[in-house]
Amino acid sequence: MTCPCFFFLGQILMELCFCYASLWRIKLLQQGVCAKTVHMAHAYCSKTSKQEGKPQLGTWQGHCLHNVRDVDKRLSMEMKSKEFSTGIRPYLHSTAQAELSKNVHGIVDWSETQLFVTREISKLIGKSLDPAFAIRNMLHLLSEFLGLNRGRLFLFDAQKQRLVIRYSYGLDEEEIKRGVFRPGEGITGKVFQSGEVAIIQDIDTEPNYLARTVDRDTLPKGTISMFALPIIVNGTVRGVLAVNRFRGLHRPLSDDLVTVRLVAAQIAQLLRIEHLVNEQVERRTAALTVENRELKKALGKQAQHGGIIGESVASRAALRQITQVANTVATVLLLGESGTGKELFARALHMASDRRDAPFIKVNCGAIPENLFESELFGHEKGSFTGAHAAKPGRFEDADGGTLFLDEVGDLPLLLQVKLLRALQEQQIQRVGGRKEIPVNVRIVAATNRDLQQLVASGRFRLDLFYRLNVVPVKLPALRARAEDIPALARHFISLANDTFQRHATLTPGAMEQLIRFPWPGNIRQLQNIIERLVLLAEQPEIEAADVSRVLESERAVDAVLSSMTVAAGTNTVTRSVRTNQAVRGDEVEQIVSALTECGGNKSRAAQILGLTLRQLNYRIKVLQITLQS
Ligand SMILES: Nc1ncnc2c1ncn2[C@@H]1O[C@H](COP(=O)(O)OP(=O)(O)OP(=O)(O)O)[C@@H](O)[C@H]1O
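- The name given to the chain in an unreviewed UniProt entry is Sigma 54-interacting transcriptional regulator, and the organism recorded there is Herminiimonas contaminans.

This is how it looks when you write it as C-alpha cells:
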C-alpha cells in the first residue's frame with residue numbers, strides 16, 4: 001500500500017519539475033534561444049513523462065535538461081558565429097516566431113511542420129544559389145523543426161581521396177575536422193561508394209557506425225537513428241548527406257526520410273550549378289592567365305624591339321640586323337612583300353638610333369603624283385610654279401637630324417632617281433625654283449616590295465642608286481615563312497582589337513591552331529584583318545575554332561574567285577593570279593582586275609581604261625592589297 005505522504009510528496013515533486021522546465025524555457029527564451037527549439041524540447045519532455053505513466057523525476061528531467069542544454073550549447077555556438085547573426089539567425093528567428101505564434105502551447109503537428117519545412121527549403125533555393133547559405137540553412141531547418149540533428153554534407157576531395165565535411169549544422173570545429181572518411185569506410189564511405197541510401201535504425205548496434213565525427217557521449221541517451229544519402233550530380237556521386245535522428249520522435253521514420261531526400265536533391269542541384277559556374281570561371285581564368293602571360297612577354301619584347309613581334313629565326317635575324325646598324329648613318333633597304341612590317345621595322349630602327357628625338361618622316365614614293373614629287377621631296381621657293389604662293393620646305397628638310405623613310409622606292413620615276421642620288425651623295429638639296437644648296441643631315445631608310453634588281457635589269461631603276469640604297473639590305477620574311485610567329489602576332493592583334501572595339505575576346509587553343517595552320521600568303525595585315533573581324537563578330541568572349549574556320553572559309557572563297565581570274569598577255573599566255581584580302585572593297589578590286597585582264601596585264605593600258613595615272617593605279621593596287629603573282 002502506498003503511503004499517502006509519499007503520494008503527496010510525489011505530486012509536489014512533479015509540479016516542481018514542470019515549474020523547473022517552464023523556468024528553463026522562459027530563461028532560454030529571454031536569452032534569445034530559438035523559441036521553437038525550446039518549445040519542442042519541452043513538448044518532448046511532457047510527452048515522455050505522460051507515456052511513461054508515472055513521473056520519474058530523475059529520468060524525464062534529465063532528458064529535458066539534456067535536450068535543452070544540448071540545443072542551447074549548440075545554438076550559443078552558432079549565435080557566436082558571424083554568419084548566424086548576419087544571415088541565418090534573423091531568417092530562422094522570423095520563421096520560428098511565425099510558427100510559434102500558431103503552435104506555441106499546443107502539441108506539435110508534425111505533418112504541418114513537415115510541410116512548413118519543405119516549403120522553406122524550396123524557398124531557400126529561390127533566395128540564393130550560394131551553396132554555403134542555402135545548404136547551411138537547410139540543415140538548420142532540419143535540426144530546428146524536425147529534430148534531424150547534426151546535419152553534415154561530406155564532399156569528395158579528389159586530391160586527398162577522402163570525404164570531408166564541407167557544410168554542417170551543430171558540429172563544432174573539432175568534430176568537423178574529425179569527419180574524414182575514405183570511400184568505403186564507415187557508413188558515409190559506404191554510401192559514397194555504393195550510391196545507395198543508408199537508414200540506420202540504431203547507431204549503437206550498427207557495426208559500420210564508427211562514431212568518428214560525433215562522439216556518442218555528446219548525443220542524448222536512448223536510441224539514435226541515422227540517415228545517410230548519396231549526393232548525385234550529373235550521374236556521379238559527389239558526396240554524402242548525413243543526419244542523426246532521435247528515435248523518441250513520434251512520427252514515422254519514412255516521413256523524415258522524404259524530407260531528407262528532398263534536401264539531398266536540392267543540394268545536388270546547387271552543386272551542379274556551382275560546378276557549372278566554377279567550370280566557366282576556371283576556363284575563363286585559365287584563358288586569361290595564358291593571355292596575360294603572353295601579353296606580358298610580348299609587351300616586354302615589344303618595348304625592346306619597337307613593337308615588333310617575332311620569335312622565328314627569320315624575324316630575329318632581321319631584328320638583329322637593324323639593331324646592329326641602328327646607331328650608324330648607313331642606309332638601310334628593307335625588302336619584303338606588302339604587309340611584312342617594313343614600316344614597322346623602319347620606325348623601330350629610328351627609335352633604336354640616337355636620332356630618336358628628331359623627326360621620322362615617311363614618304364610614299366608610289367602615292368605622290370609625278371609632277372608634285374620633286375617639290376614634295378625637296379621643297380619649293382615662292383612663285384616657282386603656279387600655286388606656289390609661299391616657300392615650303394620639302395620632306396628632306398623636315399627630316400633634318402632624323403630619319404627619312406622612302407617607302408615603295410621602286411616606284412620612283414627615273415628623273416627623280418637622279419636627284420635623289422645627288423641629295424644622298426652630297427647631303428644637300430636644292431628647293432624647286434631655288435638656287436641655294438641646303439645642307440641636310442638625314443638618315444635614309446628605303447623599302448620596297450618589288451624586285452629592285454629586276455627593275456635595274458629592265459632599265460627602270462638606276463644601278464648607282466640601287467648601290468647607294470642597298471648598303472644594308474634587310475629581308476623581311478613573309479608570314480608563310482614564319483608560322484612560329486603567328487600565336488604571338490595573333491595575341492598582339494587580339495589585344496589591339498579589344499582595345500579598339502572595347503571587347504574582351506580571347507582565342508581558345510583550338511582557334512589558335514586554326515590560325516597557325518592557315519596557309520597565309522604573306523601579309524601580316526591579312527592576319528590582323530581576320531582577327532579584327534573575329535573580335536567584332538564574336539558572340540561570346542571566347543573565340544572558338546569553329547568561329548575561325550568560318551571566317552577563314554570565307555577568306556578562302558574570296559581568294560578562289562580572285563585566283564581564277566587569269567590575265568592573258570598578247571599571244572603568249574601568261575597566267576597571273578590576283579588576290580586581295582579586302583572583300584569589302586570587292587567592286588573596285590573587280591574593276592581593276594578586269595581592266596588588267598583586258599589589257600593582258602599591261603598596267604599602263606589598264607590605267608588608261610580606268611582613267612587613272614599609272615602611279616594612281618599602282619597606289620590603288622597597293623591600298624586594295626591586290627597582289628599580282630606571276
Ligand atoms: N613583326 C610584327 N609585329 C607586329 N606587328 C606587325 C609586324 N609586322 C607587321 N605588323 C603589322 O602589320 C601591319 C603592316 O605592317 P607595315 O605597314 O609595317 O607593313 P609594310 O611591309 O610596310 O606594308 P606595305 O608594303 O604594304 O606598306 C601593321 O599594322 C603592322 O603594325
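### Section: the overall build of the chain
Now for step 1: Counting its secondary structure elements, the chain contains 23 helices and 19 strands.
Now for step 2: Across the chain, every contact between residues at least 6 apart in sequence was considered, and the portion connecting residues at least 24 apart equals 70%.

### Re the pattern of salt bridges
Now for step 1: Inspection of every chain in the model, using the stated rule, returns 25 salt bridges.
Now for step 2: One salt bridge connects Glu 274 with Arg 166, and the closest N-O pair in it is separated by 2.9 Å. Within this pair, whereas Glu 274 is found in helix H9 (residues 253-304), its partner Arg 166 is found in strand E2 (residues 162-168), the two being separated by 108 residues in sequence.
Now for step 3: Of the residues examined, Glu 274 reaches a relative accessible area of 17% and is grouped as buried.
Now for step 4: One salt-bridge network, in which partners are shared between bridges, spans Glu 343, Arg 347, Lys 362 and Asp 407.

### Quick word on the sheet that holds strand E1 (residues 148-157)
Now for step 1: Overall, antiparallel pairing links the six strands, which are arranged E3-E2-E1-E6-E5-E4 in an open sheet. In this open sheet, the two edge strands, each paired with only one partner strand, are strand E3 (180-181) and strand E4 (198-200).
Now for step 2: Examined bridge by bridge, E4 and strand E5 (residues 224-233) share three bridges and lie antiparallel to one another. Bridge pairing in E5 links Ile 199 to Phe 227.
Now for step 3: Most of the contacts of helix H8 (residues 186-194) go to strand E6 (residues 236-246), to which it runs at about 140°, and overall it touches E1, E2, E3, E4, E5 and E6.

### With respect to the site of the ligand
Now for step 1: Neighbouring residues of the ligand: 21 residues in total, closest Ile 309, Ser 338, Gly 339, Lys 342 and Arg 525.
Now for step 2: Backbone polar atom of Leu 344 to an oxygen atom of the ligand: 3.0 Å apart, as the coordinates give it.
Now for step 3: Here Gln 528 contributes a side-chain N or O atom positioned 3.0 Å from an oxygen atom of the ligand.
Now for step 4: When the free accessible area of the ligand is taken as 630 Å², the share hidden by the protein chains comes to 90%.
Now for step 5: If you list the elements that add at least two residues to the shell around the ligand, you get helix H11 (342-352), helix H17 (486-501) and helix H19 (524-537).
Now for step 6: Within the shell around the ligand, the residues separate by chemical class into six nonpolar, seven polar and eight charged.
Now for step 7: Each of two domains, domain 3 (313-477) and domain 4 (479-557), supplies a minimum of three residues to the shell around the ligand.

### Here we look at the sheet that holds strand E15 (residues 472-475)
Adjacent strands of a sheet form backbone hydrogen bonds with each other and so pair up, either parallel or antiparallel.
Now for step 1: Read across the sheet, five strands follow the order E8-E11-E14-E7-E15 without closing on themselves; strand pairing throughout is parallel. Taken across any chain shown, the strands that pair with only one partner, and hence form the sheet edges, are strand E8 (360-364) and E15. Each strand of the sheet is rotated relative to its neighbour by a mean of 20°, with strand direction disregarded.
Now for step 2: The pairing of E8 with strand E11 (residues 403-407) spans five bridges and is parallel. Opposite Asn 364, over in E11, you have Asp 407 as the bridge partner.

### Some thoughts on the environment of Ile 486
Now for step 1: By secondary structure assignment, the location of Ile 486 is in helix H17.
Now for step 2: Look at Ile 486 and you get buried, because its relative accessible area is 1%.
Now for step 3: Each residue touching Ile 486, except ones within four places of it in the same chain, is listed here: Leu 479, Leu 515, Ile 516 and Trp 520.

### Regarding the packing of helix H5 (residues 110-127) against helix H6 (residues 131-146)
Now for step 1: One way to put it is that H5 packs onto H6 with a least axis distance of 10 Å and a crossing angle of 170°. As judged from the angle between their axes, H5 and H6 are roughly antiparallel. Facing Trp 110, Thr 113, Gln 114, Phe 116, Val 117, Glu 120, Ile 121, Leu 124, Ile 125 and Lys 127 of H5, the residues of H6 in contact are Phe 133, Ala 134, Asn 137, Met 138, Leu 141, Phe 145 and Leu 146.
Now for step 2: Considering only residue class, the contact of H5 with H6 consists of twelve nonpolar, three polar and two charged.

### Regarding the pairing of strand E14 (residues 443-448)
For a regular strand, the rule is simple: side chains alternate between the two faces of the sheet.
Now for step 1: In terms of burial, E14 is a largely internal element, six of the six residues being buried.
Now for step 2: Side chains Arg 443, Val 445 and Ala 447 of E14 all project onto a buried face; the interleaved residues Ile 444, Ala 446 and Thr 448 project onto the opposite face, where all are buried too.
Now for step 3: Bridge count between strand E7 (residues 332-335) and E14: four bridges; the pairing is parallel. Residue pairing across strands places Leu 334 opposite Ala 447, the latter belonging to E14.
Now for step 4: Bridging between E11 and E14 involves four bridges; their strand directions are parallel.

### Some details on the nonpolar core
Now for step 1: If you look at the biggest cluster of nonpolar residues, it comprises 35 residues, and the most contacted ones within it are Met 138, Leu 153, Phe 227, Ile 231, Leu 241 and Ile 267.
Now for step 2: Mapped by element, the contributors of at least two residues to this core are H5, H6, E1, E5, E6 and H9.
Now for step 3: Counting 32 residues, the second-largest nonpolar core is a separate cluster that includes Leu 333, Leu 377, Leu 420 and Leu 455.

### Looking at the packing of helix H22 (residues 603-610) against helix H23 (residues 614-623)
Now for step 1: Across the interface, H22 lies against H23 with an axial gap of 9 Å and an inter-helix angle of 95°. By the angle between their directions, the pair H22 and H23 is classed as roughly perpendicular. Of H23, the residues touching H22 (which contributes Lys 603, Ser 604, Ala 606, Ala 607 and Leu 610) are Leu 614, Leu 617, Asn 618 and Ile 621.
Now for step 2: For the contact of H22 with H23, the residue count by class is six nonpolar, two polar and one charged.

How each quantity is defined
Residues numbered from 1 in each chain as written. Predicted model: local features only at pLDDT ≥ 70, side-chain atom pairs only at ≥ 80, totals over all residues. Heavy atoms only, no water. Helix = DSSP H or I, 4+ residues; strand = E, 2+ residues; numbered from the N terminus. Contact = heavy atoms within 4.5 Å. Salt bridge = Lys/Arg side-chain N within 4 Å of Asp/Glu carboxyl O. Buried < 20%, exposed > 50% of the residue type's maximum accessible area, 1.4 Å probe, protein only. Pairing = 2+ DSSP bridges. Axes fitted to C-alpha atoms, helices over the stretch in contact; angles between N-to-C directions. Near = heavy atom within 4 Å. Polar contact = N/O pair within 3.5 Å; in protein donor to acceptor, adjacent residues only side chain to side chain. Areas by Shrake-Rupley, 256 points an atom, 1.4 Å probe, with all protein chains shown as cover. Nonpolar A, V, L, I, M, F, W, Y, C, P; charged D, E, K, R; others polar. Domains from an automatic or database assignment. Parallel < 35°, antiparallel > 145°, perpendicular 65-115°, else oblique. Core = buried A, V, L, I, M, F, W, Y, C linked by side-chain atoms within 4.5 Å.

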